[in-house]
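# Per-entry structural report
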Amino acid sequence: RWRFIEQHVKNILILSQICKRKSILYNKCSHKSCNKMQFSLMCALTFLGQESEDGKICFVKIHATWDVLITYAEVLNIKVPIKENDIPSTVENPLDCMLAPLRLPEKVMHPEPDYFTAPFSRDKQELYLINDESTFFSPSMRNRIVNYILTRCPYGTEEGKKKFGIKRLLNNGTYTAAYPLHDCQYWKKANDPNCENERYTLYMEWARFLRFYKEQPLDLIRKYYGEKIGIYFAWLGFYTEMLFLAAVVGLICFLYGLFTMDENMSSKEICDPAIGGEIIMCPLCDQDCEYWRLNTTCESSQYSHLFDNVATLFFAIFMGIWVTLFLEFWKRRQARLKYEWDLVDFEEEQQQLQLRPEYEAKCTHKKKNPVTQMEPYLPITSQAVRFCISGTTVLFWVSIFLNHHFNTYQKIPRTHMEYENRLTMKMFLFQFVNYYSSCFYVAFFKGKFVGYPGAYTYMFNRWRNEECDPAGCLIELTTQLTIVMAGKQIWGNIQEAIVPWICNWWGRRKARNNPENLYSRWEQDHDLQTFGALGLFYEYLEMVIQFGFITLFVASFPLAPLLALMNNILEIRVDSWKLTTQYRRPVAAKAHSIGVWQEILNGMAILSVVTNAFIVAFTSDMIPRLVYYYTASENEDSPMSGYINNSLSVFQISDFPDRNKPKLNPENFVICRYRDYRYPPDHEKKYLHSMQFWHILAAKLAFIIIMEHVVFIVKFFVAWMIPDVPADVKAKIKREKYLTQKILYEYEFEKLKERLCQETHNVLS
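Just so you know, these numbers come straight off a predicted model, no measurement behind them.

Rules and cut-offs
- Residues numbered from 1 in each chain as written.
- Predicted model: local features only at pLDDT ≥ 70, side-chain atom pairs only at ≥ 80, totals over all residues.
- Heavy atoms only, no water.
- Buried < 20%, exposed > 50% of the residue type's maximum accessible area, 1.4 Å probe, protein only.
- Helix = DSSP H or I, 4+ residues; strand = E, 2+ residues; numbered from the N terminus.
- Contact = heavy atoms within 4.5 Å.
- Disulfide = S-S within 2.5 Å.
- Salt bridge = Lys/Arg side-chain N within 4 Å of Asp/Glu carboxyl O.
- Expected span 1.5 Å × (residues − 1).
- Bend = angle between axes of the 7 residues up to and from the residue.
- Phe/Tyr/Trp six-rings, centres within 6.5 Å; stacked < 30°, edge-to-face > 60°.
- Lys NZ or Arg CZ within 6 Å of the ring centre and 35° of its normal.
- Core = buried A, V, L, I, M, F, W, Y, C linked by side-chain atoms within 4.5 Å.

### Thoughts on helix 22 (residues 622-632)
Listing the buried residues of helix 22 in full gives M622, I623, P624, R625, V627 and Y628. Among the structural elements, helix 10 (265-271), helix 12 (310-340), helix 21 (596-619), helix 23 (643-646) and helix 24 (691-721) are those in contact with the buried residues of helix 22.

### Looking at the environment of F315
Tracing the backbone shows F315 in helix 12. Spatially, the C-alpha atoms of F315 and A246 are 9.1 Å apart, while their sequence positions differ by 69 residues. With residues up to four places along the chain from it excluded, the contact list for F315 reads A246, V249, G250, C253, V554, P558 and P561.

### Brief notes about the state of the cysteines
For the coordinates displayed, the defined rule picks out three disulfides. Paired through a disulfide, C271 and C298 show a sulfur-sulfur distance of 1.9 Å. Disulfide C271-C298: the torsion about the S-S bond is 100 degrees, which places it as right-handed. You can see C271 sitting in helix 10 and its partner C298 sitting in helix 11 (residues 298-307), a full 27 residues away along the chain. Between the sulfur atoms of C282 and its disulfide partner C672 the distance amounts to 1.9 Å. As the torsion about the S-S bond is roughly 85 degrees, the C282-C672 disulfide counts as right-handed. Taken together, the positions of C282 in the loop between strand 9 (280-281) and strand 10 (292-293) and C672 in strand 18 (residues 671-675) put the pair 390 residues apart, joining distant regions of the chain. Take C282 and C672: they sit in the same class, and that class is buried.

### Digging into the pattern of salt bridges
Note that side chains of opposite charge can pair when their charged atoms are close. Using the criterion set out here, one finds 29 salt bridges in the structure. In this structure, the salt-bridge partner of E748 is K124, at a minimum N-O distance of 3.1 Å. With E748 in helix 25 (residues 727-764) and K124 in the loop between strand 5 (115-119) and helix 4 (133-136), this residue pair connects regions lying 624 residues apart in the sequence. Under the relative-accessibility criterion, E748 is labelled partly exposed at 38%. Note on K124: relative accessible area 24%, which makes it partly exposed. The partner of K751 in a salt bridge is E126, and the shortest N-O contact between them spans 3.3 Å. One end of the pair, K751, is in helix 25; the other, E126, is in the loop between strand 5 and helix 4, and 625 residues separate them in sequence. Each member of the salt-bridge network shares a partner with another, and the members are E112, E196, E198 and K223.

### Quick word on helix 17 (residues 473-507)
Because the α-helix completes a turn every 3.6 residues, residues three or four places apart line up on one side. Helix length check: helix 17 (35 residues) gives 49 Å between terminal C-alpha atoms against 51 Å at 1.5 Å per residue, within 8%. Most pronounced at Q495, the bend in helix 17 amounts to some 25 degrees.

### Looking at the packing of aromatic side chains
By the definition in use, this model includes 53 aromatic pairs. Between the aromatic rings of W66 and F136, the centroid separation amounts to 6.1 Å while the plane-to-plane angle is 65 degrees, which identifies the pairing as edge-to-face. Within this pair, whereas W66 is found in helix 2 (residues 66-75), its partner F136 is found in helix 4, the two being separated by 70 residues in sequence. Since its relative accessible area comes to 11%, F136 is described here as buried. Ring centres of Y629 and Y630 lie 4.9 Å apart, and the angle between their planes is 80 degrees; this geometry places the pair in the edge-to-face category. The exposed category is assigned to Y630, whose relative accessible area is 65%. Lying over the aromatic face of Y224, R585 brings its terminal NZ or CZ to 3.7 Å of the ring centre.

### Things to note about the nonpolar core
Judged by nonpolar contacts, the single largest core of 113 residues is most densely connected at W235, Y239, W322 and F553. Ranked by residue count, the leading element in this core is helix 9 (residues 227-259), at 16 residues. Excluding residues within four positions of it along the chain, Y239 makes contact with W322, F326, M543, Q546, F547, I550 and N568. Within the second largest apolar cluster, 36 residues are counted, among which are A118, F136, Y148 and L739.

### Structural notes on the side chain of D342
If you trace the backbone, D342 turns up in the loop between helix 12 and helix 13 (348-352). Owing to a relative accessible area of 16%, D342 belongs among the buried residues under this scheme. When residues no more than four places from it in sequence are discounted, the contact partners of D342 are K79, T117, R222 and E736.

### Points about unusual backbone geometry
Positive phi values are uncommon outside glycine, yet F460 reaches one of about 55 degrees. Unusually for a residue other than glycine, N668 sits at a positive phi of about 55 degrees. By the secondary structure assignment, N668 is in the loop between strand 17 (648-652) and strand 18. Owing to a relative accessible area of 59%, N668 belongs among the exposed residues under this scheme.

Below, the structure written as structure tokens:
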């Protein structure tokens, strides 16, 4: 039967290919009563062509009939209700009354009752709760089924290769767009009383900034847009909630630095005219730079204490534990969603059996599959060539820090899941280099390999390696993070909200003068922006890049989680607003997790422990100060007195080679100082590293090892202590499986009894 249906779709696609009409293909996924234009074609799909008001575009409406829906519901193994869930709900939280202002109405939060479900079968239709055929399958299920048919239906051959799928027709211009319809206008309800107006409800209760303090209607999002988009907003909301704790602790650490700023002995000595004002520093560049006095960095040294203090160490360790709590608690939240959204038995093996049409088209060989019998495949030699070319290309572009989309031969992914995972990983690597390279440079390379006056290090014997700001590299890293995070987030929200709105306003400029009855629903949706196959990828990417900023470099900027929290509160409403009002309705897709992003987050969580340990050890002055405190301090009343003088080495100006020597020395300075631990010019080991340098280096390495081990042990212990699936969810899953099997058994038993009774009756008669 499903081959019969695809044959009719094939006829339509062939006809479209011949006509080459600039047409719009869309599918109807709301109630029959919500759209009165219907046309039946051989009990398969409903096709209806109509031209736009200007006569330049032809719209082809596709509606899945009941016969199509039940056929492909079985093919796609869609789970449908068999009985209302009678498992008691979780015990109410005593804090619910306090959280009441944050709640949405029950009808919005839970638009449908909870049911026991089972995979659909055409032979057992009387088992399912089919009260109304037009509403039995949700809108997201309906447009998923239609899209599945359209993407796989062949319509011809070209040079011995099959041509199939709506994607190819979109690429060659036969169609200009293909999209499901929204169910109503977002700012008002539909005239038909039978229409559920879910888009309007989402806009009023979710997609407005004034609702920023409200919870998200995740069940309604899932019902309207599908599980894949629903789980993105669930993850984003959970991430934002967890940021609240990190933001509070980070703010406390920042306030500690602010309140202790006046007590910082290092900045006091730098600002003191009798100490910092008498210390002459060596020039920061060759020949053209002048000598300068240390007290000119007074203000920046005070600001540096805001972020370079003992609270920095505490916050770095705290964030190492926080990120573990975030990932582990998200697993539990995800497990609960899997149960509530009927995704417990939805495994990727189901998608593994659904080969990508693009993969099938490029395969000329077949092999035996124990599940699907015969399937297309690429020989290992072809895979190896594509893999080598792909890997070489990625390494090349990453090595030169470029950020561009790529189009290269590769080991062709078999399934949609493999394709998305590989694309996500490659794109993330490009963006990782693009966004984090400057921060890694400032944190771990700038000022670390500069040499010393008279023997500076040069790149290619031409460019002198860059030194840090006189106040240190940490304040530079903090400034860099502030600019990148704040600038990127502000510009990102402007781009996400204003650009689609302007494009839609411009696209609808002619239609605004037409009466509403001449500006049809499909034309209105056609004039909206396209969410695109990579739309959700870029949403995840934006948040994961932000996650990197608040974990990889958080030791230098405790306010990063607070900035991220404020951005995410706005981000949720911007994303929901643009998806509900400015974009065509995306094709629904199922997903039971955030996919490969989970592995990326786990990798960044581990890397963050290493980067923060190195920032505290090598970028901040914490370890040198501790070494001085315990080994070199001579003043018991003020142990940190003299630290600044101790941390600066002496250079004799007459030792400058002509390449480095400043052109001007109006005050005839004899010596200058520089940040390092080297012997003075009158020592027998002139300008070599002093013993104190090696003590500090050993302390830094020991600190890194100790901090990493402590944080990793705590992380792994916390991860071991927190189960991935809550106990009550495990119990509910087992209970539901038992009751579902019981219902199916009783159904089969009753059917067997009826058949035996009928056979007995036939024998007796």
